[in-house]
Amino acid sequence: QELTFLSKQEILLAYKRFSELLPKEERENACSRRVPKSHILTLPELRANPFQHRICHVFSTSEAGDDSMSFEDFLDMLSVFSDSATSDIKSHYAFRIFDFDDDGTLDKKDLEQLVNCLTGQGEESRLSSTEMEQLIQNILEESDIDKDGTINLSEFQHVVSRSPDFASSFKIIL
Amino acid sequence: LFFPEEPHGAAPVDFLQELPSCQSARRRRGGTQERRAAPQGPAATRVAEPRALQQDGGEQAARPAREYPLCIAEKRRLRDFQQADIKYLSRWKKWKRSSRKSLKKILSEAKGVSSYLVLWRHDIHSIEGRFGTGIQSYFSFLRFLVLLNFIIFILMFSFVTLPIIISNYGIFNSTIAKISSKNIDYNCTIYEPSGNKGLVYFYTYLQDLLSGTGILEVTSLFYGYYTIDTVWISIMRYNLPLAYLLATFAYLALSLLWIIKRSVGGFKQNLVHDADPFQSYCNKVFAGWDFCITDPNAAQLKHRSLQYELQMDLEEERLKQKIADRTIKEKLRIYSLRIFINIIVIAVLSGCFYSIYRVTVFSQEKSNDISNLNFQASLLVQYLPSIVITLANFIGPQIFSFLIRFEDYLPAFEIILTLMRCVFLRLANIAVLLFSLWSQISDCAADKCEPCGYNYKLYPCWESDVGQEMYKLMIFDFIIILAFTLFMDFPRKLLVTHCSCKAIQWWGLQEFSISDNVLEIIYGQTICWIGTFFSPLLPAIATVKYFIIFYIKKICLIHTRKPADKPIRASTSNFFFLIVLLIGLILAFIPVGVSIASIPSSKACGPFRHFNTSWQVVPDTILGFPRGLQQVLFGMASEAFAVPFFIVICLVMFYFMALAGAHKRVVEQLREQLVLESRDKMFLIRKITEAQRH
C-alpha cells in the first residue's frame, strides 16, 4: 500500500475488478496473472479513452511486448491516475503516454497524432493541415523553451504545472 | 560533410548521453529502467516538494518510494534498498521514522472513512463520467451551497433560537426577562399581527404558508418573534440582542472566508503567470481530454467539442489579426454602434428597475387592505414583485444575447460580456426591490414617521415585512424551478422522442446551459444571505431547497437535456462561480449593513426594541466593559488608529505587488538565458561533430 497512492479500499476494489477480467478458473491466483490487452480495454474507464493503447503500453511490464498487464501494473496505473498522486508523477506518465514514438521527446509527429486522438477518429473530425500547422506552431511557441522544435520532459512538466485543468482531467477513479 | 540546415535532432546521441546533466538525472532516477533507450534530454528537474519530514540528519534526502515513476517491481526493490539503509540509523531516528509511518497510516485510514461521509459522492462521480468535469463542477458547487446553508442555519439556530426554546421549556433553570419600555411613544409599540383568531378558511393557511403572513408571522421564522431581551440560564446572563447581531456578522464572515478559501486555488493560477490561462493552447491540448469519461456517447461529444474549441481558437486568432488591420473609418463605425447598443442595454435595465419599483410599491399598498380581495387576487398581489423579477431575469438575457451579435467582439469576449450583464441584471433587481421597500418604510412625507423614525402605521414591525418579502422570493424561485422542469422539459422531451416531424426534431432538446443554472442558484443564495438577518430560519429552507434542486437537476440532466456544444472548462467554471458568488455576498452586505446601522429598528417587536438602531447594542455593551478595555476599543474605532492602519495595509499591498512584478521579470530573464544556453550547447555539439569528422 505504501508503494502507491491508493487507499486500502481502493486497492481491494481494484483487485475485485481485476479478477473479474480473468476467466473463472484463474481467479484465485489473480496476483500473478497477466491479462491480455483486449480484456483490459473492456473496462468502462478505458473503453472510451482515445489513449487506451498508449496507456496499456506504458504501464505494461511484460517482456513479451504484448502489452498485457499484471495486477501490479494495474495498480500502478490506478495509482498514477488517482486523486492523490503528485503532479510530478502525473506529468511524467502523461509525457510517456503522449510520446507516440517512444523517443523521449514530443516532436511534431507526436503532437499531430495527439491532436488527432483528441478530435476523434474519422476523416471529418480531423483538423485541416493548415489548422494543424497553426496549432502546432502555437503549442511549440508556448512550451518549447529551448527552441529546439521538440518538447522534452522538463518543458512538458513546466507547461503542465501552469495548466489549471491538468490535475482535474488526468484522473481515473474506479 | 556538414549540412548547415541539419535539423537539431540529428546531433549524435552518444554525446548527449555523456553530458553531466544527463548523468545526474539518470543517477537520481535509480537507473533501473531499461525501457527508455533514448536519453531524457536535459536533466529532469525533479523539484517534487522534498518532504521536509524525510530530511533526516546524516541521510540523503530520500523520497517515499511511491513518488518515483517506476513500475511496482522496481519500487519494491527501491523500498527494500531504502529500508536496508535504516539498519545503520541510530535508535532515535528509527523511532522517528516508524512513528511517522504509523501516523501517516492513521491519517489515511481517517481519510478513507471520511470520504464515505461526503454527500452525494457516487452521484457526482457518475455525472462526471457521463458528462465531463465542466458539468460536474456545477453539481459540486451546488453541494458546497447546501453545506454552507446548513452551517449557517446551525449557527443562527444555536445562538438565537435555541436559548428561547430552552427558556420556554425551563431546561437548566432558565427564565426570560423582558425589559419594559421607557421613553418610547406608545404609538410605536402597537403591533398586532393578524394571527388567526377564530374560524378561518382552509385557504388562509395555504396563503399564509406561501406568503409568510398570518400564522407564520408570529413564529420563530421571522424577526418579530424574538422579543425577549435576556435569557437567564442558571446564573448566566445571555444577552439575546447582542447574540443576534453577532451571529449575523458571524455568518457573513464565515461565508466570506469559506468562499475565499475555495477560490484561492484558481486565483493563484491567475496571479502566477501572465499568459491568458483560460485560452492557452497547451492547456487545451495536454489537459484537454477528461480521463474520467466512461460513456462512449459522451466521448463522441467530447471529441466534437474539442475539435470545435480548437477550431474556434484558431479562428479567433485569425480574427484578431483582422481586427488589427481595421481602418479608421471602420473603427469609428464599430465604436459608435457599440455605444448605441450600450445605451439600449442601459435603457432595458432601467426599464426593469422602474417596473420593479412601481410593482413593489403597488403590492405593498394593496396588501394592506387584504380583506377586500379574494384568495387568488390577494396571492397574486403578494407575489407580484417576485413575478416581475423572474420575468425580467428571463427576458433580459435573451435580449442581451440578441444584441451582442451586433457589437462584433471576439467570441470569447462576447460570452464574458453577456454573462456580466446577466449577473448585473439579476443582482441589481434584488437591490432595487429592497430599495423600493425601504423607500416605503422610511416614507416620511406628511409626518408619517414622526415619533418612531419610520412609517409605523403601515409597518409596525418592518423587519418582519422585509423578511416576508425575502421568504416570498425564495419560495417563488423554488416553485419556478420546479414548474419549468415539469412543464417545459418533460413535455419537450416527450415531443422530441415520439413525434418525428422535422421542425420539432430541429428544435431538439434543450441544452444544459451551465451559466444560466449557476446564476439561478447564486440569485437564490444572495436572497438567503440578505434574508437571514430578518428571518433566522431562512437558511434551513434554503438548505432543503438546494437539496431538492440537486435531485431535480440531476434527473433533468440525465433524461431531458443534451450537454452544450460549447462546454465551459472545469477551471474556468470553478473560478467564475466563486467570483460571482463573492459579488453576490458583497451585495448582500449592503442591505444588511444599512438595516443594522442606519434605519431605526422597529419599536414594537424584535430584540432591538430599546435601541435606536440595531447597531446600538454593541456600543451599549462596550460601555459595560471594564474601563481599560473600553478605552482600547474606542481607540481602535477612532480615526487616529484607522487612518495609519489603512496606510500600512496599502504599503504592504504595494510591497507584494512590486515583489510579484520583480519575480515575473526574473522568470523572463531566466527563460531567455535558458534559450541562449541551449543554443550554445547545440552550437558546441555541432562544432565537436565537425571536428571529429575531420
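Predicted model, so just to flag it, every value in this text is computed and none were measured.

Let's talk about the overall build of chain B
- Check the secondary structure of chain B and you find 21 helices and five strands.
- The buried share of chain B, taken over its 694 residues, is 43%.
- Put simply, 75% of the contacts in chain B that link residues at least 6 apart link residues at least 24 apart.

Let's talk about the overall build of chain A
- Counting secondary structure elements, chain A contains ten helices and two strands.
- Counting from the amino terminus, chain A carries its helices and strands in the arrangement α-β-α-α-α-β-α-α-α-α-α-α.
- Across its three principal directions, the C-alpha atoms of chain A cover 55 × 35 × 30 Å.
- Looking at chain A as a whole, 60% of its 174 residues qualify as buried.
- A sequence separation of at least 24 residues applies to 53% of the contacts in chain A between residues at least 6 apart.
- When the accessible area of chain A is evaluated, it comes to approximately 7000 Å², of which 51% is carbon and sulfur surface.
- Charge separation in chain A, taken as the distance between the mean sites of 18 positive and 33 negative side-chain charges, equals 7 Å.

Quick look at the pattern of salt bridges
Residues and elements named next belong to chain A.
- For the structure on display, the rule yields seven salt bridges over all chains.
- Between Lys109 and Asp107 there is a salt bridge whose closest N-O contact spans 3.6 Å.
- Given a relative accessible area of 54%, Lys109 falls into the exposed group.
- Beyond isolated ion pairs, a larger network of salt bridges with shared partners links Asp101, Asp107 and Lys109.

A few points about a positive patch on the surface
- A cluster of basic residues, Lys8(A), Lys101(B), Lys104(B) and Lys105(B), forms a positive patch on the protein surface.
- In terms of residue count, the dominant contributor to the positive patch is helix α4 (residues 91-117) of chain B (three residues).
- For Lys101(B), the location among the structural elements is in helix α4.
- For Lys101(B), a relative accessible area of 37% translates into the label partly exposed.

Concerning helix α1 (residues 8-21) of chain A
All names here are of chain A.
- Given a rise of 1.5 Å per residue, 14 residues ought to cover 20 Å, and the 20 Å separating the end C-alpha atoms of α1 matches this to within 8%.
- Along α1, the residues classified as buried are Ile11, Ala14, Arg17, Phe18, Ser19 and Leu21.
- Summarising the contacts, the buried residues of α1 are in contact with β1 (34-35), α2 (37-40), α3 (44-47), β2 (69-70) and α5 (71-80).

Description of the UniProt feature "transmembrane region" (unreviewed entry) in chain B
Residues and elements named next belong to chain B.
- Residues given the UniProt feature "transmembrane region" (unreviewed entry) here are residues 144-166, 242-260, 339-360, 380-403, 470-488, 575-599 and 641-662.
- Between the C-alpha atoms that bound residues 144-166 there is a distance of 31 Å. The span itself is 100% helix and 0% strand.
- Here residues 380-403 runs as 100% helix and 0% strand, with 33 Å between its end C-alpha atoms.

Here's the deal with the sheet that holds strand β2 (residues 230-233) of chain B
Residue and element names in this part refer to chain B.
- Spatial strand order, β1-β2-β3: three strands in an open sheet with antiparallel pairing. Of all the strands in the sheet, just β1 (175-177) and β3 (236-239) have a single pairing partner and so form its edges. Pairwise comparison of adjacent strand axes, ignoring direction, gives a mean angle of 30 degrees for this sheet.
- Note: β1 against β2, three bridges, orientation antiparallel. In the strand pairing of β2, Ile176 is matched with Val231.

Some words on helix α16 (residues 514-534) of chain B
- For α16(B), spanning 21 residues, the distance from its first C-alpha to its last is 31 Å, which sits close to the expected 30 Å at 1.5 Å a residue.
- Most of α16(B) is tucked away: 19 of the 21 residues are buried.

Overview of the UniProt feature "domain: EF-hand" (unreviewed entry) in chain A
Residue and element names in this part refer to chain A.
- According to UniProt, the feature "domain: EF-hand" (unreviewed entry) maps to residues 86-121 and 131-166 in the numbering used here.
- Helix makes up 67% of residues 86-121 and strand makes up 0%, while its end C-alpha atoms are separated by 31 Å.
- End-to-end, the C-alpha atoms of residues 131-166 are 24 Å apart, and along that stretch the chain is 64% helix and 0% strand.

Focus: the domain arrangement of chain A
All names here are of chain A.
- Assigned domains within chain A: domain 1 (8-81) and domain 2 (87-170).
- Taken over C-alpha atoms, the centre of domain 1 sits 26 Å from the centre of domain 2.
- Between domain 1 and domain 2, the contact holds ten residues from the first and 13 residues from the second.
- For the domain 1 face of the interface with domain 2, the top three residues by lost area are Phe51, Arg54 and Val80, together amounting to 53%.
- Summed over the shared surface of domain 1 and domain 2, the number is one salt bridge.
- Salt-bridge contacts for Arg54 lead to Asp102; the nearest nitrogen and oxygen are separated by 3.3 Å.
- Linking domain 1 with domain 2 are five residue pairs in polar contact (both at pLDDT 80 or more), by the criterion used here.

Describing the side chain of Thr613(B)
- Relative to the helices and strands, Thr613(B) resides in the loop between α18 (570-597) and α19 (617-623).
- In contact with Thr613(B), not counting residues within four places along its chain, are Ile596(B), Ala597(B), Ser598(B), Ile599(B), Pro600(B) and Ser601(B).

Quick look at the packing of α16(B) against helix α17 (residues 538-560) of chain B
All names here are of chain B.
- At a closest axis distance of 9 Å, the pairing of α16 and α17 adopts a crossing angle of 165 degrees. Classified by the angle their axes make, α16 and α17 are roughly antiparallel. The interaxial crossing formed by α16 with α17 has right-handed handedness. Residues Asn517, Glu520, Ile521, Gly524, Gln525, Ile527, Cys528, Gly531 and Thr532 of α16 form the contact with α17, whose own contacting residues are Leu538, Pro539, Ala542, Lys545, Tyr546 and Lys553.

Examining the packing of helix α13 (residues 411-441) of chain B against helix α14 (residues 462-498) of chain B
Residues and elements named next belong to chain B.
- Closest axis-to-axis distance for the α13/α14 pair is 11 Å, and the angle between their directions is 155 degrees. In terms of orientation, α13 and α14 fall into the roughly antiparallel class. Considering the relative orientation of α13 and α14, their crossing is right-handed. Along its contact with α13, which presents Leu433, Leu434, Leu437, Trp438 and Ile441, the element α14 presents Trp462, Val466, Glu469, Met470 and Leu473.

Notes on the confidence of the model for chain B
Residues and elements named next belong to chain B.
- Here chain B averages 75 in pLDDT, and 75% of its residues register 70 or above.
- Contacts for the low-pLDDT stretch residues 30-62, under 50 throughout, to residues beyond four places or in other chains number 68 contacts.
- Note on residues 272-279: pLDDT under 50 across the span, and twelve contacts to partners over four residues away in sequence or across chains.

Here we look at the nonpolar core
- Ranked by internal contacts, the top residues of the largest apolar core, which has 111 residues, are Phe139(B), Phe141(B), Trp462(B), Trp529(B) and Phe533(B).
- Tallying contributions element by element places helix α6 (residues 133-169) of chain B first for this core, with 15 residues.
- Residues contacting Phe139(B), with those up to four places away along its chain left out, are Ile124(B), Ile127(B), Phe512(B), Phe550(B), Lys553(B), Lys554(B) and Leu557(B).
- If you look at the next biggest cluster of nonpolar residues, it comprises 67 residues, including Cys56(A), Val115(A), Leu127(A) and Leu314(B).

What to know about the pairing of β2(B)
Residues and elements named next belong to chain B.
- Bridge analysis of β2 against β3 gives four bridges, and the strand direction is antiparallel. When the sheet's bridge partners are listed, Val231 is paired in β3 with Tyr238.
- Between β2 and β3, which follow one another and run antiparallel, lie two residues, and Ser234 among them has a positive phi close to 50 degrees.

Some details on the packing of aromatic side chains
Residue and element names in this part refer to chain B.
- One pass over the structure, following the stated rule, counts 28 aromatic pairs over all chains.
- With a centroid separation of 5.5 Å and an interplanar angle of 40 degrees, the aromatic rings of Tyr383 and Phe476 are classed as tilted. Linking Tyr383 in helix α12 (residues 375-403) with Phe476 in helix α14, this pair joins segments that are 93 residues apart in sequence.
- Here Tyr383 falls in the buried class, since its relative accessible area comes to 6%.
- Given the relative accessible area of 14%, Phe476 is considered buried.

Focus: a nonpolar patch on the surface
Residue and element names in this part refer to chain B.
- Judged by side-chain polarity, Leu391, Phe394, Ile395, Phe484, Leu486, Phe487, Met488, Phe490 and Ile555 come together as a nonpolar surface patch covering roughly 860 Å² of accessible area.
- The set of elements that each furnish at least two residues to the nonpolar patch consists of α12 and α14.
- Examining the composition of the nonpolar patch, we find that five residues originate from one element, α14, more than from any other.
- You can see Leu391 is positioned in helix α12.

What counts and what doesn't
- Residues numbered from 1 in each chain as written.
- Chains lettered and ligands numbered in written order.
- Predicted model: local features only at pLDDT ≥ 70, side-chain atom pairs only at ≥ 80, totals over all residues.
- Heavy atoms only, no water.
- Helix = DSSP H or I, 4+ residues; strand = E, 2+ residues; numbered from the N terminus.
- Buried < 20%, exposed > 50% of the residue type's maximum accessible area, 1.4 Å probe, protein only.
- Contact = heavy atoms within 4.5 Å.
- Areas by Shrake-Rupley, 256 points an atom, 1.4 Å probe, with all protein chains shown as cover.
- Lys, Arg positive; Asp, Glu negative; His and termini not counted.
- Charge placed at Lys NZ, Arg CZ, Asp CG, Glu CD.
- Salt bridge = Lys/Arg side-chain N within 4 Å of Asp/Glu carboxyl O.
- Patch = residues over 30% accessible without salt bridge, like charges linked within 9 Å, V, L, I, M, F, W, Y side chains within 5 Å.
- Expected span 1.5 Å × (residues − 1).
- UniProt positions renumbered as here; feature names shortened; annotations may be inferred.
- Pairing = 2+ DSSP bridges.
- Axes fitted to C-alpha atoms, helices over the stretch in contact; angles between N-to-C directions.
- Domains from an automatic or database assignment.
- Buried area = accessible area lost by both parts, 1.4 Å probe.
- Polar contact = N/O pair within 3.5 Å; in protein donor to acceptor, adjacent residues only side chain to side chain.
- Parallel < 35°, antiparallel > 145°, perpendicular 65-115°, else oblique.
- Left-handed = near helix turned anticlockwise from the far one by under 90°.
- pLDDT = per-residue confidence, 0-100.
- Core = buried A, V, L, I, M, F, W, Y, C linked by side-chain atoms within 4.5 Å.
- Phe/Tyr/Trp six-rings, centres within 6.5 Å; stacked < 30°, edge-to-face > 60°.

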